[in-house]
Every structure is written in C-alpha cells, then in structure tokens.
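For reference, the chains in residue letters:
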Amino acid sequence: MAIDCLVLGAGQEIGKSCVVVTINGKKIMFDCGMHMGCDDHNRYPDFSILSKSGDFDNTISCLIITHFHMDHVGALPYFTEVCGYNGPVYMSYPTKALSPLMLEDYRRIMVDRRGEEELFTSAHIASCMNKVIPLDLKQTIQVDEDLQIRAYYAGHVLGAVMVYAKVGDAAIVYTGDYNMTTDRHLGAAKIDRLQLDLLISESTYATTTRGSKYPREREFLQAVHKCVAGGGKALIPSFALGRAQELCMLLDDYWERMNIKVPIYFSSGLTIQANMYYKMLISWTSQNVKEKHVTHNPFDFKNVKDFYRSLIHAPGPCVLFATPGMLCAGFSLEVFKHWAPSPLNLVALPGYSVAGTVGHKLMSGKPTTVDLYNGTKVDVRCKIHQVAFSPHTDAKGIMDLTKFLSPKNIVLVHGEKPSMMSLKDKITSELGIPCFVPANGETVSVASTTFVKANASDMFLKICSNPNFRFSNSSTQLRVTDQRTADGVLVIEKSKKAKIVHQDEVSEVLHEKDHVVSLAYCCPVKVKGESDDVGLIKQLSEKISETVSCADEIHESETCLQVGSFKGSLCLKEECVHRRGISSSCSEVKFLCCNWSVADLELGWGIINAMKQNL
Amino acid sequence: TCLSKGDGFHYPPCHMLNLSGFRILIDCPLDLLALTIFSPLPCDVGIEAYGQNDQNPIQKKQKLERQMTPDDLVCAEPWYKTVKALHLWEASLIDIVLISNPMGLLGLPFLTQHPRFCAKIYMTEATAKIGQLMMEDLVSMHMEFKRFHGPEDSSFPCWTKNLDGEEVPGVLKNLVFGENGDDLGSWMRLYSLDDVKSCMKKVQAVKFSEEVCYNGTLIIKALSSGLDIGACNWLINGPNGSLSYVSDSIFVSHHSKFFDFHGLKGTDVMIYSGFSCLQTAEMTENDCISTMRYIHIRPSFYKDERLAASLLDNEESLGELEKLAFVCSCAAESADAGGSTLITITRVGIVLQLLELMSDSIESSSLKVPIFVISSVAEELLAYTNTIPEWLCEQRQEKLISGEPSFGHLKFIKDKKIHLFPAIHSPNLIYKVKYNYYLRLWQNRTSWQEPCIVFAPHWSLRLGPSVQLLQRWRGDPRSLLVLEDGISSGLGLLPFRPISMKILQCSFLSGIRLQKLPTLLSLLQPKIVLVPDVINQRINLSTMKTKSILSYSENKTLSVGRIAENADVEIMAELATKLSWKKLRQRENFGVARLKGDFVMENGKQRLVSGLDQEESSGKARTLRHWGSVAPETLLESLVKMSVTGSIEHRRDENGAEGKSIIYITDPSGGMIETSEMGTTIITDDETLASKIFQAIDGILDGI
C-alpha cells in the first residue's frame, strides 16, 4: 500500500493551499484556498487534475479545512458551488463560524472595490457553509468505514487545527498553519505522539529562528505609541480576524497601562462582529485567556470604536485597523493612499504579505513611490513598521514537531522554495527522515504501514504477556532484564484467517499427533577416585558448567543431572540399548544414560563431548 | 468479564465494572434527597433556635400520635449520603473512574480524599466545569449551616443518637439507616472547597468522541447522551471486545447535544442503566410505540404537573417545551396576581431554557417583573454556558454561526432584566441577615422588588437561598413554588407546612422511556445487553433480535463471558514478509511459519512488531517440532541415499501390537534409531551421523 500526496496549491509557494492525499485508495483534500496575489485563473488550485470529468464526489472522500484564512478556505465556495463538490466538508467550530465572514468580506472587496466579476455570490457562501460539518478538537470522526479523522489544536488563528487522518493502518498528519509558541490569545499547537507514515507541514518560516517575542511586541507598541504621540495616524492593515484581535489585545492592554486616550478604530463593523465570535469561542483560546474570561472577557475592548469614512481626514492622532491585510485592495488601500504621504503617519504591517501586493512592495525595501493596481502612484513618506511576530511557527518549531512525531516521511508545503530546500536538507541530515518538497501539480508517493491481522490463541497471549526475566550478574550488581519476545507459530489454512498459536498447540490445531524427535546416548564416564554416585554427578556438573558455554542452569539430584531438555542419569543396566561400542566390563567406567531433544542439539553434543574428554 | 453493581435511581446509578483486569467505576453520586431528613436553618424559632436541640426529646415524647412534624427532622449540620456499597471497595484498587454527568460527580471528592486513591478519572470538559461549579455551590450553601451550628468536633455524627429512639418516625429511620439498618456507614461529612479543587486536579477532561487510551489497552470514548450539557455515554474498546455504557439519555434535547447513536452501534456488550425510565413508564402507558426509524425517533414527552391547589394530575404527552412554557405561564400568572415565583430547579440545561423563555415571555407581556438568579456560582455558570457551542444542540450551534449567543440570557443580563447575585445577602440585594423573618426587614432600596421570579438552589429545599425565600413566601397564596418532581411527596415540604403557596411540580424527562428501549436496542444491536432486573420484569425484551439479554440487580455481581473467541493480533507488514513459510506435506491447505517478534499493546490493539534481536532469521532455524509418524522403511530408504546403511528390526510390545521399530546403523559408524508412534530417538555418539539422520527424519515428517 502507498500514500500519494498530490499538491494542488501551496507547493513551493505561499497561497492557495490545497493538498490531496490518497491513503489506501481514499482521497482526502486538505484545505481549499485561493492565492491572494493572483488575479487570473491561477488564483484557484487546478482541480481538473483530480478529475477530468468534474465528478469530484466520487473522487474525494472528504475535504477538511484547517482554518479560516483565505489562502486555506478561499476556493471552497468555488469548489463546492461552481465545481459541484457535494461530499462532506469538515472544519472546526470557530472556522465554520468565521469563514463566512472572511469569504463575504473578501467577496465584497473584490466586487465592490475592484469591480471584478463575481467569482462566487453570497448565496454560494451560505449554501456552501451549510454543507460543513463542524469538528471539535480531538473528536474522532469516522468519515466512512475506513477513514478516520481527528483534529488537534494548532494555535495560529482561532480554530486552527492540525488534522490526523487514518485509513486502515496508514496514518498522516496535515498541519495546516501552526504555531509552536503561545501568543497573546492562543495556545501553542498540541498533538499526541502518533505513529505516522507521512507528515505534511507548512514551512512559511523555514529558515528563521525567532527568540522571545516580547521584545518585538514592545517594538511594535513603541512604534505605534511614538506615532500617535507625535500626532500621527497609525494604519494597521489586517484581515478582520486573527491578527487584528491579537494586536488589538496588545494595544488595548498597553493603552490601559499607559493611560493613552487616543482612539483605536476598527474599519468595519465586521471586526466588531468578529469580536463577538471570539467572546463565544473562548474555549479555543489560550489557557490564560480562558481563566480570565469569567471576570473580564479579554475581547471586550475598552478603547475600540467604529470607524467612519469621514474620519479619514479628521485631524488628530488615531490607530486604525483596516481590512484587508497586505494592502491588496479595498478600504485599507484607500486609507493608505490618503495617509501614506504624511511623514507623521505609520503603517504597521502584520504578518506575511503575498508577493504582488502593495504590502509586499512596502516590506521589500524602502520605496518612495508605490504603484497602485489601477496605475496611480502614491508617494510613501510615512514610516513603515513591520510587525515581526507571526502566528506561524519558525524553523525550530518545525524541527521540534518533526522530532516529536518522528514520521516516516515529510512533505513540506506553504513556503518559499529556497528556504524550504535548506530545511529539507536539515531534516534529512539531522533527523534522517526522507523529506519532499513538491511543486504544484506534483505527486509524492511513500510507502505506508500495514498490519496483517491474525487470531491469537490464549496460550500464546499468556506466554507473551508473561515477563521473561533474565538475571545477569555483572561485577557489582545483579541486573534484571525483561526480554520478552513473542515466539509463536503462524498457521494459515486456505480461505481462513491466519492464526497465531504457541508451538505446543500446533499439532492440535492441525489435528495431528506430536512426534517427538530426540537424541540419546549412553555415555561412559570415568570415575575419579573413590567418589560415589552423587559425587560423580557433582563432578560432572562442574565440568559441564566449565566447558559448555550455554549451560546456565544445571539441576542435580541424586543420580540425575538436567540441563534444559538434556537429561542424564546413571545407567545401572548391564546392556543398555543406548550404549554403543564400549563394554561395561571396566569397573572404573560408569555410564550416564543421556537423552535430549532436537531443540538443545548443540547443548547435548557439548555435554557429551565434555564427558568424553573426561574419560 | 463484567461485574456490575447498580444503585438507586434518584441519584444517578453507580456501577463497578471489571473489564480485562481493570476496575472501572462509573459515576460517583450523592443522594441529596436524603438531605431532607435534616431540618433547614431554623428561622421560625428565631432566637430560640440555639436551644432547639435540647427541646427535641421532650417535644417528641408528647407526639406519640406518630404524625410527622417539622421538629422530627434532624437539626444538625447535615451529613451527606454516599453510595453505600462503594465503601466496600478498596479505593486503591479502582483503576478508572468514568463520570457521565455532573450529578455523578458530586460524590467524587469523597473518593479522591482517600490517600491511596490513584485511579484515572475521565469526564467531559463540560461535565467537569459544571460539576465543579455545582460542588462549589454545595459547599458554599453548606457553609451557612456550619456557621449556624458551629464546628463539630466528633468524627461520629452525634445526630444519629437521637434517631435511635422508638419515637422516631419510620420514614426517617429508613432514610438514615437503610432498610437493613446498615446504611449508616454511607453518611459522610461534606468535603471542603480544597477537596473539590484537589479532586478536580486529578480529572482528565475529554471532548465528545475523543479517544483516550488507558494503559495502552482500553480505548475510552465519551458519546453525547443528550441528558444535560456535557452528559455522556461511554464506549470502551479493549482487546477482548467492546462495551458500551448507556446511562439516562434523551434523544432530542433543546439544549445539549443530541444522543449519539452511531458510536454505540454494534458493541459486544451494552450496559443499560436508565433507571429513570421506570418512573416515566408508569405514567404513560397509553402511548403506543409506532414503528419509528431512528432519525425520526421523537420522544413524546410526558407531563405530570400537579398544582396542589387546583389542578389534579393531568397526564398528557406534551413536548418538553410546552412544559417549560407552562411553567412560564404559571409564573406569569402568579406575577400578575402580585405573587412571586420561586424556582428551585437546578438542572443546568432546564434552568437556561427557562431563563430564556421566561425573559422572553415577560418582555412580550406588559409585566415588569425582575428575574433573580441567586447562587454563588450563577455568574460563572451563565458566563460559561455561552462559551461552549460545541456541547450544545444543533439549533444552538446555528446561533453561533449567525453570531448570536447560544443562550439568550446574556442580552437580558445586559438589559438588567435578569439579575445575578452570589447570595441572598449580597450587598446589592438588601436583606437583613439576622434570620428574623417576622420583622420583614426586606427593603426595597436597590434592585430587590416583589413580585419577582427567583431561581435559587437547592432543589432539596434544605440548602441555599431557596430556604429563606420559601420561608418568606409560604404564607402567600399568590406565590408559586416550582419544584422538581419527587420532593413534596417525601419530607421535602414538611418544615414549611402549613403552606398556602401554589406548588407546581414538574418532572422533566430524564431518561429513555421504557417503550423506547426495544427500538433503541434493535437500532444499536449489541450482542449482549445488560439491563437492570427491574426493567426486565417490566418489559418483555425477549422478542428482540439481540443475542442475549441479561439482567443485573443491585449489589450483585454478574459475570459476562468472553464473546470474541480469540483476540486479534496485528502483525507488522515488515515482519510478515520476513516469515519463512512451510507447506505441509500431509495437508495441502495449511501453511505454517515460525513467528518471532516483540509483543506490544498499543491503542487497545495487540501488535507484533519486528524486535531488535532478529538474530537468526529464516535459514538457520531448525525444525523443532514434528508431527505424524515415521515409517522405518522410508526412513532407511532416505538414509541410504545419504550413504548411511543399516537394518530394520520390528519389535512388538507385550500386547503384540506394532510397537517400536529399530534401525541399526552400521555404516559410516555405529548407531541406531528407535521409532514408534510417539517419537523417534536417535542413538549415536557420532554427531555427523546424528545430524544426517535428523535431516532424513525432517524430510519425512512435517514440522516447524
């Protein structure tokens, strides 16, 4: 059996995340995002690779969305409504609640402001969200007979999850975006130690390693504070959900402490509404926030007000959160146009900006003018601050997670090619795990674990679960080791399930009689001196333990001696059938009649040889 | 493999299972109804209250007429009745504790106090949170008693002495000592807040359908039962089969998540412990069970409401919602008449629904009646319930999607329609603490205003603010008391008589109705069903398709045999491919192989993985075990091929039957082979000869 991992989007790039994994014949699609930097057909993942005929219902078993960012959910309405996928769609409760807001917001921006043709309508969003089945953390869902999925907390944004999927014995984890450290309002990613065949991880910051985030938080706060103290306006372009709340918590807290009265605005009612969701979804936030919420819900911001268009030109300092992020279009871009020329003002860019957006241009270098999409140019004299903390994990986080899960294979997606390549080298050299960096449209195939099922008999199980202690006397202390190896016999009858039995039971299962094959020899031994029978046995056992290496435990009794299955007893008969060649006439020779089974073949011969030497 | 023990039904049943060697305790409740033997805080007697203990015996002598009076009740710091049989178990021998609903959590601190207690405790997150709040509330209500009675020194409850006397009514005695008189040991003093905290620290909270693995062997899964927020049924999967525990469940709930059918399907053993269906069954025999498909199973609820003054029992099958609406309308009626309403129900889901409905109906009507929720945990509880959409029913989840709060009370609290107070004497809710009701020092200074609607614990009418309010309103015929079923019938209302308040008793559905059980069973199709014997007597389940139905009874252990014949073992593919297979000569159909690996127990599955010491694999291994028999002629024949020569001699044993055959080997060296039905012995001192002979035998016999 094999696992095929087809990357439809976010292969060696960031945006339009979409990975289709085939495990033992089941196809699961993880994420269905759109690319924010593209305007053409490249915006969506190329679904036609999956099915030429467009019959996605029979191709894909289920679709799982990890979180509500546009590059993970953006293409969902298109896929379900336009492409006609009707199968199950899973996402976490917060994602289900918040995705429609994101989609609607984006749709409005695209249609109203940029005047594009509609890719999907509000009705599309609504009907697509109706198909969504909500997931809770760690809830194990049996999608169908074989396919089992489970979500784990991923940090990143509210409701972000990592997804564990298992078909038969093969299991994979798709991380989505995740964060290995706690931030203002979200906890760190948390996952069980799983046995995985494949880990598909994001790698946005594949080469950066970040230290503590507190200095960077302070940096951000000081930048904003300096700006408003100087009478400037601070613009923070961000998407309605996620970063906006985190930064706002930060600012609100700071405002309270420093007793600053400068208003903080949210550009649209959307964000205010989003705060409402955040309040209800407290259980998905960090432990710290959860504990506090009884007395004060941290998403009840005290200093936050609604923003009106007329306030753009109002005098005096202010802080504005405007959608969308990355300054790719819409209101934030409009405000930017007005505020950018003043050197008093500040633009704080949180998070990652996709190539092609104004945000990206601002971040890469210090441009004095910026081309807007419709050809107009804007002088940029304002300060630019890049918020240097991000809800994505850094290289160390990726390595930690990989080490923790130690999967058999790794596929990296959602990153930039050069840094992904260096991370790949690091993973293969340091952890020795095969790592793949497929581009869009490429498929990676890895082998999967399978288990063969068999019935086990009680006796076998009993012997397996009995500890098998080995005592060994090392120089100073007694060492006890438990060497439990299951040793059984597998019996297969045609058209029946395989059975594991203990070796004593085999013949019974086969309805046959045991036939014991053993060896025997009546071995002459020389009596030294005047010792009696018991003394002779003692002598022999000493001799045996000296010369025969594998004889650990020798049991002696009067005239018998036993090592494993080897039994020897003094033979008093004149004519023993097991005696060969030597006559018993010699009085100095006694005979040890020996018998041993095939299992102790070497041991038996060892003892015989030892006794022969004694002659 | 199963050992179970059931206990009464007013509080959730409690079971002890023994599954693959692990002892599992399911639920650990408190019998709070037994609280009614204690008298509430003595408010009526005013200043005399402290002397009451001394007066009791004298008064009792005068009451030979056996009429129960409030004075018969025990006036002392209440103790709490736990599950009796649980004390017979050594706490350290319990491996797992599963709590299926908040009520089942109340007795847990008694168990965790035990120094040797070391079991793992599992419950859903919502159960843990709500249960913790309920326990904290209980403790804080209990504090009032403590303050009143002062610290008690002796570890033995002195109040029991008074109860030994002849003149004590039988009802009381029964409650205290049990029918056999051996219940006394189950009375315990209430735990402290610290005990609650340390108990909750030991809890591992789970989500619905989260799989947790105990000791690598058992996989435990909580599935929604619909009874209350966070309440669940349990599914336990072990190597020897699967077991489901179905407690009281409600198929369609208006607050919590629905009953989860799918997870419970097709288990090997199902333990059904819905005792509450017995109560419901008595009243609704007129219902017919039609052939319902499971999606359409809509429980028809029953209703038993008694208005003590006017209405008689009216048996109707109305929706739960109608019942709630009825409560609301009654409250509104009495408010209209200028009376107040006291609601003592403490089931979280129902309180939330009532709050919502009540405030809605008040808003729509012209009435200006404030709603008070008086409980030490009200604020936290109500805040919490609006942050748990995952645990609620679909309609309420829809509300999340559309951005509304899950329960409507948030809005009303903001609008100052619902007021929350931690206690009746909170600074804002003016009330003189001196227990002097006659002076009626209620002051309308701040928010308190009558008539009003008050939600106050505790339903036993012994603890908490409900007592004081009841004392206050009991003489007012316009006022209304809403009770949970079963209180008034017993000792509940005794201390408050004579009572002229209207009383509305409502029993809300708290389990699967008996008539539904066969449908449920045929849907879930367990192989073996365990039902309480009382149910088995009541309903004929033998027509069911399930393989067997066993009934269990209280305090008796029932053993259930193994179902699966042999346990499954999974062999890792890497190991399986390394096996060297042998085909048997005698039996074409069989193939055998030796198997060597490390045996591990993972996620409830037994697995063989390739071990570290895979020293001698296939080639070197020797056949160790043979079966069949050796014909001496064939053996000699094959020996000759190896240039070993010898002669055969047949020997008969005493009976003349074919016995041993002996082959004397002459070349290359001396030796002989003894062979019989039982076995073959190679006799020689020549190692190479022996191995040659062995090889020959190996070629003839099948072996491994």
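Please refer to the structure placed before this passage.
Quick caveat: nothing in here was measured; it's all calculated off a predicted structure.

Parameters and conventions
Residues numbered from 1 in each chain as written. Chains lettered and ligands numbered in written order. Predicted model: local features only at pLDDT ≥ 70, side-chain atom pairs only at ≥ 80, totals over all residues. Heavy atoms only, no water. Helix = DSSP H or I, 4+ residues; strand = E, 2+ residues; numbered from the N terminus. Expected span 1.5 Å × (residues − 1). Buried < 20%, exposed > 50% of the residue type's maximum accessible area, 1.4 Å probe, protein only. Arc of directions from axis to C-beta. Contact = heavy atoms within 4.5 Å. Buried area = accessible area lost by both parts, 1.4 Å probe. Salt bridge = Lys/Arg side-chain N within 4 Å of Asp/Glu carboxyl O. Polar contact = N/O pair within 3.5 Å; in protein donor to acceptor, adjacent residues only side chain to side chain. Pairing = 2+ DSSP bridges. Phe/Tyr/Trp six-rings, centres within 6.5 Å; stacked < 30°, edge-to-face > 60°. Lys NZ or Arg CZ within 6 Å of the ring centre and 35° of its normal. Axes fitted to C-alpha atoms, helices over the stretch in contact; angles between N-to-C directions. Left-handed = near helix turned anticlockwise from the far one by under 90°. Nonpolar A, V, L, I, M, F, W, Y, C, P; charged D, E, K, R; others polar.

Peer 1: What's the story with helix 6 (residues 214-229) of chain A in this structure? I'm lost.
Peer 2: An α-helix turns once every 3.6 residues. As a result, residues three or four positions apart point the same way. All names here are of chain A. Taking 1.5 Å per residue, 16 residues should reach 22 Å; helix 6 reaches 22 Å between its end C-alpha atoms and fits that length. Among the residues of helix 6, R216, E217, F220, L221, A223, V224, C227 and V228 are the ones counted as buried. Looking down the long axis of helix 6, one finds its buried residues gathered within 155° of arc, a one-sided arrangement. Of the residues in helix 6, the exposed ones pointing more than 90 degrees away from the buried face are K226 and A229. Buried residues belonging to helix 6 abut strand 12 (233-237), helix 7 (243-258), strand 15 (318-322), strand 16 (346-350) and strand 19 (383-387).

Peer 1: Would you mind going over the interface of chain A and chain B with me for this structure?
Peer 2: How large an interface is tends to be reported as the accessible area lost when its parts come together. At the junction of the two partners, chain A supplies 76 residues and chain B supplies 86 residues. Here chain A and chain B share an interface that buries about 7,300 Å² over both sides, 54% of which is from carbon and sulfur atoms. Counting across the interface, chain A meets chain B through 3 salt bridges. Linking B:E210 and A:K138 is a salt bridge whose minimum nitrogen-to-oxygen distance equals 3.7 Å. At the junction of chain A and chain B, the tally comes to 2 residue pairs in polar contact (both at pLDDT 80 or more). Where strand 28 (residues 514-526) of chain A and strand 28 (residues 626-627) of chain B come together, 2 bridges link them in antiparallel fashion. Directly across from A:H515, in strand 28 of chain B, lies its bridge partner B:H626.

Peer 1: What am I meant to see in the pattern of salt bridges here?
Peer 2: Once their charged atoms are close, side chains differing in charge can pair, the charge on each being opposite to the other. Residue and element names in this part refer to chain A. Applying the stated criterion across every chain, the model contains 13 salt bridges over all chains. Ionic pairing is found between R107 and E104, a salt bridge with its closest N-O pair at 2.8 Å. One end of the pair is R107 and the other is E104, both in helix 4 (residues 93-113) and 3 residues apart, which spans about a single turn. With a relative accessible area of 22%, E104 lands in the partly exposed category.

Peer 1: Help me out: how do you make sense of the packing of aromatic side chains in this one?
Peer 2: To describe a pair of aromatic rings, one takes the distance between the centres and the angle between the planes. Throughout the structure, instances matching the rule amount to 11 aromatic pairs over all chains. These aromatic residues form a ring-pair network of at least three members: A:Y44, A:F47, A:F56, A:Y78, A:F79 and A:Y85. One Lys or Arg, B:K129, reaches over the ring of B:Y384 and ends 5.7 Å from the middle of that ring. The ring of A:W284 has B:K207 lying over it, and the distance from NZ or CZ to the ring centre is 5.9 Å.

Peer 1: Even after reading the chapter, I still don't get the packing of helix 12 (residues 395-405) of chain A against helix 13 (residues 417-431) of chain A, so can you show me in this structure?
Peer 2: In a pair of packed helices, the angle between the axes and the distance between the axes together describe the arrangement. Residues and elements named next belong to chain A. One way to put it is that helix 12 packs onto helix 13 with a least axis distance of 11 Å and a crossing angle of 40°. Crossing of helix 12 over helix 13 shows right-handed handedness. In contact with I398, M399, T402 and K403 of helix 12, helix 13 contributes L423, K426, I427, E430 and L431. Among the residues forming the contact of helix 12 with helix 13, the class breakdown is 5 nonpolar, 1 polar and 3 charged.

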